[in-house]
Amino acid sequence: ALVPAQAHHKAADYTRDKVRVAAAEAVLLEGVLLLVFTVGGGLAALDALSLRLLGDGWLRDLGTVFAFLAVGAVASLPFDVWRTFVIEARHGFNQTTLGTFLADLAKGALLAVALGAPLVLAMAWFIRSTGAAWWLWAWAAWVAFSLALVAAYPRWIAPLFNRFTPLEEGDLRRRIESLVARCGFRADGLFVMDGSKRSSHGNAYFTGFGRDKRIVFFDTLVERLTPEEVEAVLAHELGHYARGHIPRLLAVRFALALGLLALLGAAAREPAFAALLGLAYPVAPGALLAAFMLVVPVCTFPFQPLASLMSRKQEYEADAFAARHATADDLVSALVKLYRDNAATLTPDPLHSLVYDSHPPASLRIAHLRKLADIPGTLPSP
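Remember, it's a predicted structure, so these values are computed and weren't measured experimentally.

A. Geometry of the overall build of the protein chain. Across its full length, the protein chain carries 15 helices and four strands. Here the C-alpha radius of gyration of the protein chain, 23 Å, is about what a compact globule of 382 residues would show, namely 21 Å. Taken over the C-alpha atoms alone, the protein chain extends approximately 70 × 45 × 40 Å along its principal axes. By the burial criterion, 43% of the 382 residues in the protein chain qualify as buried. Put simply, the protein chain shows about 19,400 Å² of open surface, and 67% of that area lies on carbon and sulfur atoms. Considering the protein chain, the positive charge centre built from 35 side chains and the negative charge centre built from 33 side chains are found 2 Å apart.

B. Representation of unusual backbone geometry. The amide bond that connects Tyr281 to the next residue, Pro282, takes the cis arrangement and shows omega of 0°. A positive phi angle is found at Ala343, which is not glycine, with a value near 55°. With respect to the element layout, Ala343 can be found in the loop between helix 13 (328–341) and helix 14 (350–356).

C. Highlighting empty space enclosed by the protein. Tallying each qualifying case throughout the model produces two cavities of 30 Å³ or more. When its volume is computed, the largest cavity comes out at roughly 40 Å³. Looking at the largest cavity, the residues that line it are Val3, Ala7, His8, Ala11, Tyr339, Arg340, Ala343, Ala344 and Leu346. Listed by contribution, the elements that provide at least two residues to the lining of the largest cavity are helix 1 (5–37) and helix 13. The element that contributes the greatest number of residues to the lining of the largest cavity is helix 1, accounting for three residues. Its volume calculated, the second largest cavity comes out at about 30 Å³.

D. Here's a closer look at the layout of surface pockets. Taken as a whole, the second largest pocket spans an internal volume of roughly 330 Å³. Of all elements in the fold, only helix 4 (98–129) and helix 11 (285–300) reach the threshold of two or more residues within the lining of the second largest pocket. Here the residues of the lining of the second largest pocket are counted per class, giving twelve nonpolar, one polar and five charged.

E. Examining the pattern of salt bridges more closely. All told, the structure shown has 21 salt bridges when counted by the stated rule. The salt bridge involving Arg173 is made with Glu169; its shortest N-O contact spans 3.6 Å. Its salt-bridge partner being Asp341, residue Arg340 comes within 3.0 Å of it at the nearest N-O pair. The network of salt bridges with common partners includes Asp171, Arg175, Arg182, Glu228 and Glu231.

F. The nonpolar core, seen in detail. Formed by 45 residues in total, the largest nonpolar core has its most connected members in Ile176, Ile215, Phe217, Leu221, Val233 and Leu238. Of all the secondary structure elements, the ones that give two or more residues to this core are helix 6 (171–183), strand 2 (190–193), strand 3 (204–207), strand 4 (214–218), helix 8 (227–242), helix 12 (304–325), helix 13 and helix 15 (362–373). Grouped together as the second largest cluster of nonpolar side chains are 33 residues, Ala75, Leu261, Leu279 and Ala287 included.

G. A look at a nonpolar patch on the surface. On the surface, a cluster of nonpolar side chains totalling about 400 Å² of accessible area is made up of Leu77, Val81, Leu98, Leu102 and Leu105. Among the elements that make up the nonpolar patch, the one with the highest residue count is helix 4 (three residues). Along the chain, Leu105 turns up in helix 4.

H. Quick peek at the side chain of Asp47. Relative to the elements of secondary structure, Asp47 occurs in helix 2 (residues 42–54). Apart from residues lying up to four places away in sequence, Asp47 is in contact with Arg60, Thr64, Leu279, Ala284 and Ala287.

I. Here's a closer look at the pairing of strand 4. Judged by how many residues are buried, strand 4 sits mostly within the fold: five of five residues are covered. Of the two faces of strand 4, both are covered, the one formed by Arg214, Val216 and Phe218 as well as the one formed by Ile215 and Phe217. Both strand 2 and strand 4 contribute to a ladder of four bridges, which runs parallel. Its bridge partner being in strand 4, Val192 is matched across the sheet by Phe217. Note: strand 3 against strand 4, four bridges, orientation antiparallel. The residue of strand 4 that forms the bridge with Thr207 is Arg214.

J. Up close: the packing of helix 9 (residues 245–268) against helix 11. One can describe the packing of helix 9 onto helix 11 by two numbers: an axis separation of 10 Å at closest approach and a directional angle of 125°. On the basis of their axis angle, the class for helix 9 and helix 11 is oblique. Here helix 9 and helix 11 pass one another in a crossing that is right-handed. Residues Leu256, Leu260, Leu261, Leu264 and Ala268 of helix 9 form the contact with helix 11, whose own contacting residues are Leu288, Phe292, Val296, Cys299 and Thr300. Residue composition of the contact of helix 9 with helix 11, grouped by class: nine nonpolar, one polar and no charged.

Conventions we followed
- Residues numbered from 1 in each chain as written.
- Predicted model: local features only at pLDDT ≥ 70, side-chain atom pairs only at ≥ 80, totals over all residues.
- Heavy atoms only, no water.
- Helix = DSSP H or I, 4+ residues; strand = E, 2+ residues; numbered from the N terminus.
- Rg over C-alpha atoms; globule rule 2.2 N^0.38 Å.
- Buried < 20%, exposed > 50% of the residue type's maximum accessible area, 1.4 Å probe, protein only.
- Areas by Shrake-Rupley, 256 points an atom, 1.4 Å probe, with all protein chains shown as cover.
- Lys, Arg positive; Asp, Glu negative; His and termini not counted.
- Charge placed at Lys NZ, Arg CZ, Asp CG, Glu CD.
- 1 Å grid on protein atoms, 1.4 Å probe; cavity = no way out; pocket = protein on both sides within 12 Å on 5 of 7 lines; lining within 4 Å.
- Points joined across faces, edges and corners; volume = space filled by probe spheres on them.
- Nonpolar A, V, L, I, M, F, W, Y, C, P; charged D, E, K, R; others polar.
- Salt bridge = Lys/Arg side-chain N within 4 Å of Asp/Glu carboxyl O.
- Core = buried A, V, L, I, M, F, W, Y, C linked by side-chain atoms within 4.5 Å.
- Patch = residues over 30% accessible without salt bridge, like charges linked within 9 Å, V, L, I, M, F, W, Y side chains within 5 Å.
- Contact = heavy atoms within 4.5 Å.
- Pairing = 2+ DSSP bridges.
- Axes fitted to C-alpha atoms, helices over the stretch in contact; angles between N-to-C directions.
- Parallel < 35°, antiparallel > 145°, perpendicular 65-115°, else oblique.
- Left-handed = near helix turned anticlockwise from the far one by under 90°.

Right under this line is the structure:
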C-alpha cells in the first residue's frame, strides 16, 4: 500500500480531533455569537457603548467595529489554544512555544488595527457622504485594499511572523530555476521559510503578484522530500498561476462581495433592518459594517459546495500542469509523503468532502496522476 495502516489510523485520529473542535467552534462562533449579536441585541449594545464613550463620529465607528472583532477574537482564542497546544501537540506536530503564540497574537492585533482602521474610516466616510450608492464606493475601496494587501504581504507582512532565507545553491535550486524558466514564471526570489518554528507540517507556495511574486518552501518540506519531489510540488503550485486560478478566485470573491454589499445597502434603507438588530435608524456606519461582517458567513455558506467543487477542479488542473512540467510519479511520491507525514485523512466522508474539501480525496488524485503518466503497478511505501 502507498500508506501503511498505522499512518491511516493516525490520520483518522487526527481528523476526528480536528473535526470535533471545528464543530464546537462553529456552534459557538457561527451559532451562539450570531444570535447574541443579532436578536440578542449584542451589536446594539456595543454600538451604544462606543457612542457613550467616544461620541458620535469617526471614533464611534472604529470603536464599534473593533469591539465586535475583539469579542469574536476572544471567543475563538480557547479553540486556537486547544488546537495548537493539545491537538497538534498530541499528534506530534506542534512546535509553537507559548512566547511565539502570544507574540503572534500581539502582532496580529496590531496589524489589524494599523491596516483595518484606514479601511473602516474610508468605508464610514462613503456611507456618510456618497448617498444610496455608498456600497459601490465601499466595494471599490475594499477591492483596492485587498489587492494592496496581496502585493504587500510577501515583502512587508510575512517577514513579521517568519524568517525567509534565500534557497541555497545546489541541485534543488538549479532544478527550481530551470522549472521556473520552463513555465515562464518570473519571481522576486526563492526562499525557505522557518515553518518548523510553529509546526512540523510541510508546504510550499507562491505569493504576491507583479514584481513582488515570491516562491516559498517550508523548511520541513525541503528536509523531507527529494529535490525531484520538491520540483514536482512547486510545478503543481505554478500550475495554479499558469491556469489563472488566483485571478479567477479573486474575481469570484470580489463579485460575491459586491452582491452582498448591494444587499446590505438596500437593507440599510429599511427601518425594519435597524429594528431587527435593535439599532437606531439610520444605522451608524460602524454598526452597519459590523452587521456586514456578521451576515457574510451566513450568506456565503450556500456557495460552499460550489466553491469546493471549483477548487477541486483547479487542483486536478494544477496536477496535470505538474505532470507535464515535472513528472507525475515524483508528484505522486511527494503527495504520499505529505499525506503520511501531515496525517491527512485518505478516506474522507463523501458528503463532507463534497461540501467542504478544497482538494480531491487522495485516492482520486493519485489515480488521476497515474492516468496522466500511465504509471504501472503500485508505488512502494516511502
